[in-house]
Amino acid sequence: MAAENGEESILNHAETLAAPPTPVDKIFDKCFRTLTFVFTWATVLLLAFIVFRIGGQALPAMKEYGPGLLFSSDWDVNNNQFGIWPQIWGTLYSSLLALVLGGFFGITIAIFLTQDFLPHKLEMVLKNIVELLAAIPSVVYGLWGIYVLIPLLQPTADKLHSSFGWFPLFSTSFSGFGMFSAALVLSIMILPTIAAISQDALRAVPRRTKEAAFGMGATRWEAILRVILPTASGGISGALVLGLGRALGETMALAMLVGNSATVSLSLFSPASTLASLLALNFPEADLNQTGVLMYAACTLLLITLVVNMLGTLIINTTTTKGGER
Amino acid sequence: MNETKNNLLQLPNLERHPFEPRALKSILLSTITVICAILACVPLFSVLVMLIYRGGSRINLELFTALPPTAFQFDGGGISNAIIGTLFMVGIAALITIPFGVLAAIYLAEFGPYSKIATIARFSAKTMSGLPSIIAGVFAYAIMVITMGSYSAWAGGVALAVLMLPTILLTAEETIKMVPKRMKEAAFGMGCTPSQSMTKVVLPMALPGIITGVVLAVARAAGETAPLLFTAIFSEYALEPNDPTASLAVLIYNYSNSTSENQLELAWAASLVLVVLVFILNMVSRWIGSRTRK
């Protein structure tokens, strides 16, 4: 009874904030909810519109040249002959090279940062440094590549070519601009992505799994190589696939360093060209017909990266949920 | 004695010797790891040192106030129009994407997190975040440059917006989700409508996280070159939003293989300005992020 009286006195208090929503509030609520709903739809439609718009612009060229354009290597603007096979090759080859290098360094750094090699403070410093690598704009990497990396690589590359010229990887002389310099810069650019996602995967490995390995008398590296890495392999492969996705779409560093010559060659020192750099260099001065072909190339690039990225997200999603249940 | 005991219990030899092969292998691998980690830091420091060494001498008032020099002008000149152009286009992109991204994030986090459209939108945003930046440029070219008939700062802003949207949306969703449920329920208990609890309680609490996402997206957009190459291209004159517009990133690209030593120096100086800008933005976002975690 006394409590009821107390409640009443609070409710009767003139300055209470609690109040049922007024009609204006309800209308505002409705509008606000609709607005958020509209923008959610807009996100989906934007992606659809991007694909649709680029696809639409590419359609005439697709009809005219068909899939043959993907596998032809002639690029002759005057005779309206186009082929983007060298660019597709260059995109895939440079990305894979970058993935091998960046993947090795990225995973090694992820292990270094997660397996108690360093005191926590130093770990954070190194983690920040690696993240800052990702913050440097790619055009700055391109500039750095031209004036720092290429002169640095020149002597080693010349030596490799003169001693191992018979080996397909070193079969062309090094002119500076080419696959090797481009892939090296590309690997620096994808390293932070791979390192960051691999770290998440390695941190998700349950402590008891690790301690079980140590309890069996495993050395630190036996535990890492035979227990921790296999357990985290799902997340790490996702990291590699997403790194590959970044490498495939990277434009500026490649346009500045790859040499932009439509060559298909296994050699690391040969100049090459990629889909993204083809777009970057030819779009500004393209006529209508050429724009169609470039849109076709953009479509191809879009398709490759979409597939790779979806694959990566899928791998990470499936493996991390499993990791959580374990 | 010890050995027989071990044999009886069938225990493996648990003693470690510093020079047995497996211990040596462990040491070797650790060394390789340390070397790899140091090697990975080299590019960052090399870039920073080179930027200061080659671009530092041009950091003066003229750099920030003068227009770019022609190829035949052997000294002087600045990058004022590129700085303003970058800020202008990133500003346009932010104006488009902040309301867009935050409103969509509110729906994804709060009003319909498990609805079908939310799942599709989340997937779209993740896919867009992996979109090659040049594709954003191609898209802006197709919708803005072709329809307007000329290169413009607006087209550049739209291209950057496509790149910024996923970052802003996804980080905003994460931070809105992290606001404790009891705060929302307290608001409901006071008779708030869901929108009122969102705008008056949840958003103010999530604001630092949202700002972190925005700042990161801005930092990334400021350094993007590929989407601007054929949407805003470049100009040597002061900002005119309806005409081609200069930006720091495209200036660096255009001057990077210039034969004019003066322009090349400006490219390094512009890189230094850009990297300092991007680093400051990154630090700011980290600072906000770390402050809110406490």
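Rules of the game
- Residues numbered from 1 in each chain as written.
- Chains lettered and ligands numbered in written order.
- Predicted model: local features only at pLDDT ≥ 70, side-chain atom pairs only at ≥ 80, totals over all residues.
- Heavy atoms only, no water.
- Salt bridge = Lys/Arg side-chain N within 4 Å of Asp/Glu carboxyl O.
- Helix = DSSP H or I, 4+ residues; strand = E, 2+ residues; numbered from the N terminus.
- Buried < 20%, exposed > 50% of the residue type's maximum accessible area, 1.4 Å probe, protein only.
- Expected span 1.5 Å × (residues − 1).
- Bend = angle between axes of the 7 residues up to and from the residue.
- Axes fitted to C-alpha atoms, helices over the stretch in contact; angles between N-to-C directions.
- Left-handed = near helix turned anticlockwise from the far one by under 90°.
- Contact = heavy atoms within 4.5 Å.
- Nonpolar A, V, L, I, M, F, W, Y, C, P; charged D, E, K, R; others polar.
- Buried area = accessible area lost by both parts, 1.4 Å probe.
- Polar contact = N/O pair within 3.5 Å; in protein donor to acceptor, adjacent residues only side chain to side chain.
- Patch = residues over 30% accessible without salt bridge, like charges linked within 9 Å, V, L, I, M, F, W, Y side chains within 5 Å.
- Areas by Shrake-Rupley, 256 points an atom, 1.4 Å probe, with all protein chains shown as cover.
- Phe/Tyr/Trp six-rings, centres within 6.5 Å; stacked < 30°, edge-to-face > 60°.
- Lys NZ or Arg CZ within 6 Å of the ring centre and 35° of its normal.
- Domains from an automatic or database assignment.

1. Notes on the pattern of salt bridges
Here the structure, examined in full by the defined rule, presents 11 salt bridges over all chains. The salt bridge partner of Glu222 of chain A is Arg22 of chain B, with a shortest N-O separation of 2.9 Å. In this pair, Glu222 of chain A is assigned in helix 9 (residues 220–249) and Arg22 of chain B in helix 2 (residues 21–55), connecting two distinct chains. On the basis of relative accessible area, Glu222 of chain A is assigned to the buried category, the value being 15%. On the basis of relative accessible area, Arg22 of chain B is assigned to the partly exposed category, the value being 29%. Between Lys177 of chain B and Glu173 of chain B there is a salt bridge whose closest N-O contact spans 3.0 Å. Placement of both Lys177 of chain B and Glu173 of chain B in helix 7 (residues 153–178) is noted, with a separation of four residues, approximately one turn of the helix. What emerges from the salt-bridge pattern is a single network uniting Lys127 and Glu131 of chain A together with Arg286 of chain B.

2. Describing helix 9 (residues 194–222) of chain B
The end-to-end C-alpha separation of helix 9 of chain B is 36 Å, well short of the 42 Å expected for 29 residues at 1.5 Å each. At Leu203 of chain B, helix 9 of chain B shows its maximal kink, close to 55 degrees; a proline, Pro204 of chain B, follows between one and four residues later.

3. Observations regarding the packing of helix 8 (residues 181–189) of chain B against helix 9 of chain B
Residue and element names in this part refer to chain B. Running from N to C, helix 8 and helix 9 cross one another at 145 degrees; their axes reach a closest spacing of 9 Å. The crossing of helix 8 and helix 9 is right-handed. Judged by residue contacts, Met183, Lys184, Ala187 and Phe188 of helix 8 engage Pro194, Ser197, Val201, Val202 and Met205 from helix 9. Looking at side-chain class alone, the contact of helix 8 with helix 9 contains seven nonpolar, one polar and one charged residues.

4. Concerning the interface of chain B and chain A
Listed as interface residues are 82 residues of chain B and, on the opposing side, 80 residues of chain A. Both sides of the chain B and chain A interface together cover about 7,300 Å² of buried area, and 79% of this is carbon and sulfur. On the chain B side of the interface with chain A, the three residues burying the most area are Leu103, Phe139 and Tyr253 of chain B, jointly 8% of the side's total. Where chain B meets chain A, there are two salt bridges. The tally of links from chain B across to chain A stands at 12 residue pairs in polar contact (both at pLDDT 80 or more). At the level of elements, helix 2, helix 4 (80–111), helix 5 (116–129), helix 6 (133–148), helix 7, helix 9, helix 10 (248–256) and helix 11 (261–293) of chain B are the ones that each hand at least two residues to the side of chain B that touches chain A. In terms of residue count, the dominant contributor to the side of chain B that touches chain A is helix 2 of chain B (19 residues). Here the side of chain B that touches chain A is composed, by residue class, of 58 nonpolar, 19 polar and five charged.

5. Some thoughts on a nonpolar patch on the surface
Residues and elements named next belong to chain B. Taken together, Val34, Ile35, Ile38, Leu39 and Val42 make up a surface patch of nonpolar side chains, about 420 Å² in accessible area. Its place among the elements puts Ile35 in helix 2. Judged by its relative accessible area of 47%, Ile35 is partly exposed.

6. Brief notes about the environment of Met50 of chain B
By secondary structure assignment, the location of Met50 of chain B is in helix 2. Taking the C-alpha atoms as reference points, Met50 of chain B and Val284 of chain B, 234 residues apart in sequence, are found 24 Å from one another. When sequence neighbours within four positions are dropped, the list of residues in contact with Met50 of chain B reads Trp144 and Val148 of chain A together with Gly55 and Trp268 of chain B.

7. Quick look at the packing of aromatic side chains
One pass over the full model with this rule turns up 21 aromatic pairs over all chains. Geometrically, the ring pair formed by Phe28 of chain A and Phe32 of chain A is stacked, given 6.0 Å between the ring centres and 20 degrees between the ring planes. Of this pair, Phe28 of chain A and Phe32 of chain A both sit in helix 2 (residues 23–65), four residues apart, roughly one helical turn. With a relative accessible area of 41%, Phe28 of chain A lands in the partly exposed category. What makes Phe32 of chain A buried here is its relative accessible area of 11%. Among the aromatic residues, ring-to-ring pairing joins Phe28 and Phe32 of chain A together with Phe111 of chain B into one connected group. Positioned over the ring face of Phe111 of chain B is Arg33 of chain A, at 5.1 Å from the centre of the ring.

8. Thoughts on the side chain of Thr36 of chain A
Of note, Thr36 of chain A is situated in helix 2. Ignoring anything within four residues of it in the chain, the contact list for Thr36 of chain A reads Leu103, Ala104, Ile106, Tyr107 and Phe111 of chain B.

9. Topic: unusual backbone geometry
Residues and elements named next belong to chain A. Here Asp116, not a glycine, exhibits a phi torsion of approximately 55 degrees, which is positive. Structurally, Asp116 is set in the loop between helix 4 (85–114) and helix 5 (120–135). Of note, the phi angle at Asn260 is positive, near 50 degrees, even though the residue is not glycine. With respect to the helices, strands and loops of the structure, Asn260 is situated in the loop between helix 10 (252–257) and helix 11 (275–282).

10. Digging into helix 4 of chain B
One full turn of an α-helix is made of 3.6 residues, so residues set three or four places apart face in the same direction. All names here are of chain B. Taking 1.5 Å per residue, 32 residues should reach 46 Å; helix 4 reaches 45 Å between its end C-alpha atoms and fits that length. The axis of helix 4 is deflected most strongly, by about 30 degrees, at Thr97, and proline Pro99 appears within four residues downstream. By the criterion of burial, helix 4 is predominantly enclosed, with 23 of the 32 residues buried.

11. Regarding the domain arrangement of chain A
Residue and element names in this part refer to chain A. As far as domains go, chain A holds domain 1 (20–65) and domain 2 (85–325). Using C-alpha coordinates to define each centre, domain 1 is positioned 33 Å away from domain 2. When domain 1 packs against domain 2, close to 790 Å² is buried across both sides, 83% of that on carbon and sulfur atoms. The largest share of the area that domain 1 buries against domain 2 comes from Ile54, Met62 and Tyr65, three residues that together contribute 47% of it. Summed over the shared surface of domain 1 and domain 2, the result is zero salt bridges. Considering only residue class, the side of domain 1 that touches domain 2 consists of six nonpolar, two polar and one charged.

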